[in-house]
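Given next are the chains, with one letter for each unit.
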Amino acid sequence: MIVGASSLIGRVCHGVIIDSKIITSVQGLAGGLMVCGLVNIFSVFTSSYISLALIYTVFGFANGVYNPLTTVVVKDFVGRKKFPQGQGLCQVFRGIGGLIGPPITGLIFDASQSYNVCYIYSGSMLFLAGFILVSVPCIRKWCRPRVEIHEEN
């Protein structure tokens, strides 16, 4: 209930923030993923219902950006002409993550006998996804001049 309600609020607020050009859609999605990852990691240190409710309110708010902005970011990365293929590929990788994530987490639990390790692993993967997403535009800017020089030769 808490995550769902805060996710709904997050979707509306993120829409306003992205539309007002305060941050880009890529920055919004990457930030949301990174915050969700950090919440998962830090949730292992909570010990009461109130603290868990507060931290997962933040999770829901940050998670509210994921579904709406994924489509926008895919279009930004691949363009309008290749959008159907890009969106399809994005959905395939989401499906693969959904298929292999739970068994990997189960193996981690079996090896560690601790759910805390599972939360830290899951949070780390979310944070890494956000970090990779934020680094793609930087890598594109860094590689673009080299590609243009190579094409001239």
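Quick look at the structure, then. Because the structure is predicted, anything quoted here is derived from the model rather than measured. (Residues numbered from 1 in each chain as written. Predicted model: local features only at pLDDT ≥ 70, side-chain atom pairs only at ≥ 80, totals over all residues. Heavy atoms only, no water.)

## Some words on the side chain of Ser6
Note that Ser6 resides in helix 1 (residues 2-19). Judged by relative accessible area, Ser6 falls into the buried class, the value being 6%. Here the side chain of Ser6 touches Ile2 through a polar contact of 3.0 Å, landing on its backbone oxygen. In terms of polar contacts, Ser6 uses its side chain to reach the backbone carbonyl oxygen of Thr57, at 3.1 Å. (Helix = DSSP H or I, 4+ residues; strand = E, 2+ residues; numbered from the N terminus. Buried < 20%, exposed > 50% of the residue type's maximum accessible area, 1.4 Å probe, protein only. Polar contact = N/O pair within 3.5 Å; in protein donor to acceptor, adjacent residues only side chain to side chain.)

## Concerning the packing of aromatic side chains
Considering all chains together, one arrives at 3 aromatic pairs under this definition. Relative to Phe45, the ring of Phe42 lies with its centre 6.3 Å away and its plane at 40 degrees, an arrangement referred to as tilted. (Phe/Tyr/Trp six-rings, centres within 6.5 Å; stacked < 30°, edge-to-face > 60°.)

## Examining the pattern of salt bridges
For the coordinates displayed, the defined rule picks out 1 salt bridge. With its nearest N and O atoms 3.8 Å apart, the salt bridge here joins Lys75 to Asp76. Residue Lys75 is classed as partly exposed on the basis of its relative accessible area, which comes to 36%. (Salt bridge = Lys/Arg side-chain N within 4 Å of Asp/Glu carboxyl O.)

## Focus: the packing of helix 1 against helix 3 (residues 49-63)
Between two packed helices, what matters for the description is the angle formed by their axes and the separation of those axes. Packing of helix 1 against helix 3 leaves a shortest axis separation of 6 Å and a crossing angle of 35 degrees. Considering only the axes of helix 1 and helix 3, their crossing is right-handed. On helix 3, the residues touching Ile2, Val3, Ser6, Ser7, Ile9, Gly10, Cys13 and His14 of helix 1 are Tyr49, Ala53, Tyr56, Thr57, Phe59, Gly60, Phe61, Ala62 and Asn63. Of the residues belonging to the contact of helix 1 with helix 3, the class tally is 10 nonpolar, 7 polar and no charged. (Axes fitted to C-alpha atoms, helices over the stretch in contact; angles between N-to-C directions. Left-handed = near helix turned anticlockwise from the far one by under 90°. Contact = heavy atoms within 4.5 Å. Nonpolar A, V, L, I, M, F, W, Y, C, P; charged D, E, K, R; others polar.)

## Observations concerning unusual backbone geometry
A positive phi is found at Lys21, a non-glycine position, where the angle reads about 65 degrees. Relative to the assigned elements, Lys21 resides in the loop between helix 1 and helix 2 (25-42). We classify Lys21 as exposed; its relative accessible area is 70%. In this model, Gln113 sits at a positive phi of 55 degrees, which is unusual for a non-glycine residue. Looking at the secondary structure, you find Gln113 in the loop between helix 5 (83-112) and helix 6 (115-152).

## So, the side chain of Thr70
Relative to the helices and strands, Thr70 resides in helix 4 (residues 66-78). Taking the relative accessible area as the measure of exposure, Thr70 reaches 5% and is therefore buried. Only 2.5 Å separates the side chain of Thr70 from the backbone oxygen of Tyr66, close enough to count as a polar contact. With near-sequence residues (within four places) excluded, Thr70 lies in contact with Leu29, Cys90 and Arg94.

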